[in-house]
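Here's the letter readout for the chains.
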Amino acid sequence: TCALPILLSVFLGTSVVSLLTLGFIADRIGGLRTLLAASTLQAAAILLFAFVHDLVDLYGVAVLFGLGFGGLVPSYAIVIREVFPAAEVGKRIAIVFMGGTCGMALGGWLAGLVFDHFGHYHPAFFMGFVVNLANIAIMLFLLPRWLAHRRATRAARLAPA
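So, the environment of Leu64
Note that Leu64 resides in helix 3 (residues 55-83). For the pair Leu64 and Ile29, spaced 35 residues apart in the sequence, the C-alpha separation amounts to 21 Å. With residues near it in sequence (within four places) discarded, Leu64 still touches Leu41, Ala44, Ala45 and Leu48.

Here's the deal with the side chain of Thr14
Mapped onto the secondary structure, Thr14 falls in helix 1 (residues 3-29). Judged by relative accessible area, Thr14 falls into the buried class, the value being 11%. Ignoring any residue separated from it by four or fewer positions in sequence, one finds Thr14 in contact with Val63, Gly66 and Leu67.

Section: the layout of surface pockets
Counted as a void, the second largest pocket has a volume near 150 Å³. If you go around the second largest pocket, the residues you meet are Asp27, Glu82, Trp146, His149, Arg150, Thr153, Arg154 and Arg157. For the lining of the second largest pocket, the element with the highest residue contribution is helix 5 (residues 122-158), accounting for 6 residues. Residue classes in the lining of the second largest pocket are distributed as 1 nonpolar, 2 polar and 5 charged.

Observations regarding the nonpolar core
Of all hydrophobic cores here, the largest spans 24 residues; its most connected members are Leu32, Leu35, Phe65, Met139 and Leu143. Within the residue set of this core, elements represented by two or more residues are helix 1, helix 2 (31-49), helix 3 and helix 5. With 8 residues, the single largest contributor to this core is helix 2. Aside from chain neighbours lying at most four places away, what touches Leu35 is Leu72, Ser75, Tyr76, Val79 and Met139.

Observations concerning the packing of helix 3 against helix 5
Closest axis-to-axis distance for the helix 3/helix 5 pair is 12 Å, and the angle between their directions is 35 degrees. Of the two possible hands of crossing, helix 3 and helix 5 adopt the one that is left-handed. Counted together, Tyr76, Glu82 and Val83 of helix 3 and Asn135, Trp146 and His149 of helix 5 form the full contact between these two elements. Residue classes in the contact of helix 3 with helix 5 are distributed as 3 nonpolar, 2 polar and 1 charged.

A closer look at the packing of aromatic side chains
Summed over the entire model, instances satisfying the criterion amount to 8 aromatic pairs. Relative to Phe69, the ring of Phe11 lies with its centre 5.5 Å away and its plane at 45 degrees, an arrangement referred to as tilted. On the criterion of sequence distance, the pair formed by Phe11 in helix 1 and Phe69 in helix 3 is long-range, its members being 58 residues apart. For Phe11, a relative accessible area of 15% translates into the label buried.

Scoring rules and cut-offs
- Residues numbered from 1 in each chain as written.
- Predicted model: local features only at pLDDT ≥ 70, side-chain atom pairs only at ≥ 80, totals over all residues.
- Heavy atoms only, no water.
- Helix = DSSP H or I, 4+ residues; strand = E, 2+ residues; numbered from the N terminus.
- Contact = heavy atoms within 4.5 Å.
- Buried < 20%, exposed > 50% of the residue type's maximum accessible area, 1.4 Å probe, protein only.
- 1 Å grid on protein atoms, 1.4 Å probe; cavity = no way out; pocket = protein on both sides within 12 Å on 5 of 7 lines; lining within 4 Å.
- Points joined across faces, edges and corners; volume = space filled by probe spheres on them.
- Nonpolar A, V, L, I, M, F, W, Y, C, P; charged D, E, K, R; others polar.
- Core = buried A, V, L, I, M, F, W, Y, C linked by side-chain atoms within 4.5 Å.
- Axes fitted to C-alpha atoms, helices over the stretch in contact; angles between N-to-C directions.
- Left-handed = near helix turned anticlockwise from the far one by under 90°.
- Phe/Tyr/Trp six-rings, centres within 6.5 Å; stacked < 30°, edge-to-face > 60°.

Dropping the structure here:
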């Protein structure tokens, strides 16, 4: 119990570093690629949580999870900004963030139900990993379309008027 505040501080501190770093990276490579990288880190960390049994390893996985988690929310906003017209961005960001907030709340609640049923969190970690894999699969499906849109937008900006 004494290690929990330190663990949360490590996770949140790493999330802040990730927020700043992945925001910088997203400006260079685009929001969807950054979102894909952050989601992959988060998926790996969630899976690793199921196998961690000592405090040092738990801190390491918390750092990995923080690196992925911190970059997710700003990446969604960047993807929306890159894909939709400016007049629609505010509404769409609100919808995406509301969905994300509800999903995180539901995930925490379901993890509690899983713990109550099984007495440990291993199945919840595996469920979280599967949900992250579905998220990654959706992004991999959208990536070619996003790249084509990005190329078309760049070409339109560079074309003589």
